[in-house]
Amino acid sequence: MSEAAKGKLALYWAASCGGCEIAVLAINEKILDVAALFDIVFWPVAVDAKVRDVENMPDGSIDVCLFNGGIRTSEQEYMAQLLRRKSKVLVAFGSCAHEGCIPGLANGNNRRQIFDTAYRDTPSTINPDGVEPKHHTEMPEGALYLPVFYDTVRTLDQTVAVDYSLPGCPPEADRIWDALTAIVESKLPPPGTVIGVDTTVCEECPRTRNEKKIKKFYRTWEIVPDEETCLLEQGLLCCGIATRAGCGARCPRVNSPCIGCYGPNQGVQDYGARMMTALASVIDSNDPEEIDRIIREGIPDPVGSFYRFSLAHSQLRRSKLVGQSVK
Amino acid sequence: MADPFKPKIVAFLCNWCSYTASDLAGTARIKYSPYVRIIRVMCSGRVDPSFVLKAFALGADGVMIAGCHPGDCHYIEQNYKTIRRHTMLRYFIERMGIEPDRLRLVWASAAEGQYLAESIDSFVDAVEKLGPLDWSANWEENGDRLEALEAIVGEHAEAMEVRP
């Protein structure tokens, strides 16, 4: 490909941990191929380009933008809108942009509760004046602004139109390379596609599966599972049954249950609902009281267990908003 | 005076028992609350938890699942799965801040038209007492979101003006 025909690539992060940025480098020496095929026009982690440079680009001039992270603040929403306008193809890169991921679990709380914990209640906090972030502060030198912190984390596709999603926390290097290759070769699937494998983690898991009948769920620290049998059959809450494949069943292979970072399989709207359906089929009891006991004892945190990566993208999106929000 | 609260109730009735019971209630001219929206499914075991959550998310104030009595399922044991899903769902929605009593499981055989009508009425009464759910209101950001977005655009416009 000649120099003139090089594509323009942008990468951005919003509410995320930074792991997705590292995951891009996990494609190893192929990153050189990426550099040969694309000009990286914006990537705050690695490249010195400013927001105003992006604002000055013509609309639609970026060929591909890989956007990771959920939308938690007004600044992130602004960047999502800006990069949507400037990009031909916008990819929700990784679980946070796709489904909200761990930052989305804060949707069990609101801004007031989060601020109280972060700026008041933790034992290591000393804040006698009750200082906390404010959007607008008047100082003698002039007005100061901070982004507004939202009550609810939203996913990228709840904020702007998204062309493709690349699931995973973080996406596996092979899948990232598949996606980049597809873009370069113009072999992209129809818009809206989640780029991945249309089956579940169980399909990629080498463990032996029998009929599942569960009388008791165990937390991971309570038992050492054997390395041959299905983890769910041993009573561990393994989410492989509801989770999209594409990772190669990495966690079950090292004796650790799947936690569902690849999100729901093709055609499934609500990840947690699929988990509840699947688990309801394997609990070995027909007595409502015993069922209730098995669930409450074995799954103390149903929201975190069923929606660890997808609360923001679930049908309910967040828990009931309670109390007064902070101005 | 404000309009009285008219709850929106979605009821999933199984084809073989409970829907037939509602049919019987109809032919027998038994009156029941008009606030219930009946959806016929082949089996109470067909009711995926996502149907229930979707109903709540789209504005239902209560959801009822009705099927054949345990042991009488047309598909042998699928209503036992319904028991487990129902238990699981009540546990989950309670943690999300939805009163678990907004979800009710009822067994009504094809002969129990009267009982189904009474169950619907008592459920509608219970939901009326709980009041509106109005779930999507939880997704609204408070007023300063748009203001903040506009402020960012303004700040960046200033930044660009001083550029040589």
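Only a predicted model underlies this, so the values are computations on that prediction, with no experimental measurement involved. (Residues numbered from 1 in each chain as written. Chains lettered and ligands numbered in written order. Predicted model: local features only at pLDDT ≥ 70, side-chain atom pairs only at ≥ 80, totals over all residues.)

## Observations regarding the overall build of chain A
Then step 1. Looking only at helices and strands, one finds 13 helices and 11 strands in chain A.
Then step 2. In terms of overall dimensions, chain A has a C-alpha envelope of 65 × 60 × 30 Å along the principal axes.
Then step 3. Counting over 327 residues, chain A shows a buried share of 43%.
Then step 4. For chain A, the proportion of contacts with a sequence separation of at least 24, taken over those separated by at least 6, is 74%. (Helix = DSSP H or I, 4+ residues; strand = E, 2+ residues; numbered from the N terminus. Buried ≥ 20, exposed ≤ 12 C-beta atoms within 10 Å, placed from the backbone. Contact = placed C-beta atoms within 7 Å.)

## Some words on the overall build of chain B
Then step 1. Within chain B one finds 5 helices and 4 strands.
Then step 2. Going from the N terminus to the C terminus, chain B shows its helices and strands as β-α-β-α-β-α-β-α-α.
Then step 3. In terms of C-alpha radius of gyration, chain B reaches 22 Å, well past the compact-globule figure of 15 Å for 164 residues.
Then step 4. Here the C-alpha coordinates of chain B stretch approximately 85 × 45 × 25 Å along the principal axes.
Then step 5. Across the 164 residues that make up chain B, the buried fraction comes to 44%. (Rg over C-alpha atoms; globule rule 2.2 N^0.38 Å.)

## As for the interface of chain A and chain B
Interfaces are often described in size by the accessible area the parts lose on coming together.
Then step 1. Opposite the 41 residues of chain A that make contact, chain B presents 36 residues.
Then step 2. Sorting the residues of the side of chain A that touches chain B by element identifies helix 3 (51-55), helix 4 (74-86), strand 8 (149-154), helix 11 (271-282), helix 12 (288-298) and helix 13 (302-306) of chain A as the ones contributing at least two each.
Then step 3. Counting residues per element, the side of chain A that touches chain B draws most heavily on helix 11 of chain A, at 6 residues.

## What about the nonpolar core?
Then step 1. With 127 residues, the main nonpolar core has A:Tyr12, A:Cys65, A:Phe67, A:Val91 and B:Phe56 as its most contacted residues.
Then step 2. Summarising the domain contributions, this core has at least three residues from each of domain 1 (3-103 + 151-184) and domain 3 (197-306) of chain A.
Then step 3. A:Val91 has contacts with A:Val64, A:Cys65, A:Leu66, A:Phe67, A:Asp163, A:Tyr164 and A:Leu166, leaving out every residue within four places of it along the chain. (Core = buried A, V, L, I, M, F, W, Y, C linked by C-beta atoms within 7 Å. Domains from an automatic or database assignment.)

## What about the domain arrangement of chain A?
Residue and element names in this part refer to chain A.
Then step 1. Assigned domains of chain A: these are domain 1 (3-103 + 151-184), domain 2 (112-150) and domain 3 (197-306).
Then step 2. Taken over C-alpha atoms, the centre of domain 1 sits 30 Å from the centre of domain 2.
Then step 3. Taken together, the contact between domain 1 and domain 2 spans 6 residues of the former and 4 residues of the latter.
Then step 4. For the side of domain 1 that touches domain 2, the secondary structure elements donating two or more residues are strand 4 (71-73), helix 4 and strand 8.
Then step 5. Tallied by class, the residues present in the side of domain 1 that touches domain 2 amount to no nonpolar, 3 polar and 3 charged. (Nonpolar A, V, L, I, M, F, W, Y, C, P; charged D, E, K, R; others polar.)

## Some remarks on helix 12 of chain A
Then step 1. Taken residue by residue, helix 12 of chain A has A:Ile291, A:Ile294, A:Ile295 and A:Gly298 as its buried positions. Along helix 12 of chain A, the residues classed as buried sweep out an arc of 90° about the axis, all on the same side. Residues of helix 12 of chain A that are exposed and point over 90 degrees away from its buried face: A:Glu289, A:Arg296 and A:Glu297.
Then step 2. As for helix 12 of chain A, its buried residues are in contact with helix 3 (78-95) of chain B. (Arc of directions from axis to C-beta.)

## Quick notes on the confidence of the model for chain B
Then step 1. Per-residue pLDDT for chain B has a mean of 91; in total, 94% of the residues score no lower than 70.
Then step 2. On the interface metric, ipTM, the complex scores 0.92, and its pTM is 0.92. (pLDDT = per-residue confidence, 0-100.)

## Description of the pairing of strand 8 of chain A
All names here are of chain A.
Then step 1. The buried fraction of strand 8 amounts to 5 of the 6 residues, a majority that puts the element mostly inside the structure.
Then step 2. Both strand 4 and strand 8 contribute to a ladder of 2 bridges, which runs antiparallel. Residue pairing in the sheet places Thr 73 in a bridge with Phe 149 of strand 8. (Pairing = 2+ DSSP bridges.)

## Looking at the packing of helix 1 (residues 18-27) of chain B against helix 4 (residues 113-130) of chain B
Residues and elements named next belong to chain B.
Then step 1. As a packed pair, helix 1 and helix 4 sit with axes 7 Å apart at the nearest point and diverge in direction by 95°. Taken together, the axes of helix 1 and helix 4 lie roughly perpendicular to each other. Residues Ser 18, Ala 21, Ser 22, Leu 24 and Ala 25 of helix 1 touch helix 4, and the partners they reach there are Gly 113, Leu 116 and Ala 117.
Then step 2. Grouping the amino acids of the contact of helix 1 with helix 4 by side-chain chemistry returns 5 nonpolar, 3 polar and no charged. (Axes fitted to C-alpha atoms, helices over the stretch in contact; angles between N-to-C directions. Parallel < 35°, antiparallel > 145°, perpendicular 65-115°, else oblique.)

## Here we look at the environment of A:Gln266
Residues and elements named next belong to chain A.
Then step 1. Mapped onto the secondary structure, Gln 266 falls in the loop between helix 10 (250-253) and helix 11.
Then step 2. Residue classification places Gln 266 among the exposed residues on the basis of 12 C-beta atoms within 10 Å.
Then step 3. Taking the C-alpha atoms as reference points, Gln 266 and Cys 101, 165 residues apart in sequence, are found 18 Å from one another.

## Considerations on the sheet that holds strand 3 (residues 62-67) of chain B
Residues and elements named next belong to chain B.
Then step 1. Pairing is parallel in the open sheet, where 4 strands are placed in the order 2-1-3-4. Here the strands that pair on one side only, and so sit at the sheet edges, are strand 2 (36-41) and strand 4 (103-107). Within this sheet the neighbouring strands show an average axis-to-axis angle of 20°, counted without direction.
Then step 2. Bridging between strand 3 and strand 4 involves 5 bridges; their strand directions are parallel. Note that in strand 4 the partner of Met 64 across the bridge is Arg 104.
Then step 3. The strands that helix 1 touches are strand 1 (9-14), strand 2 and strand 3; relative to strand 1, the one it contacts most, it runs at about 110°.

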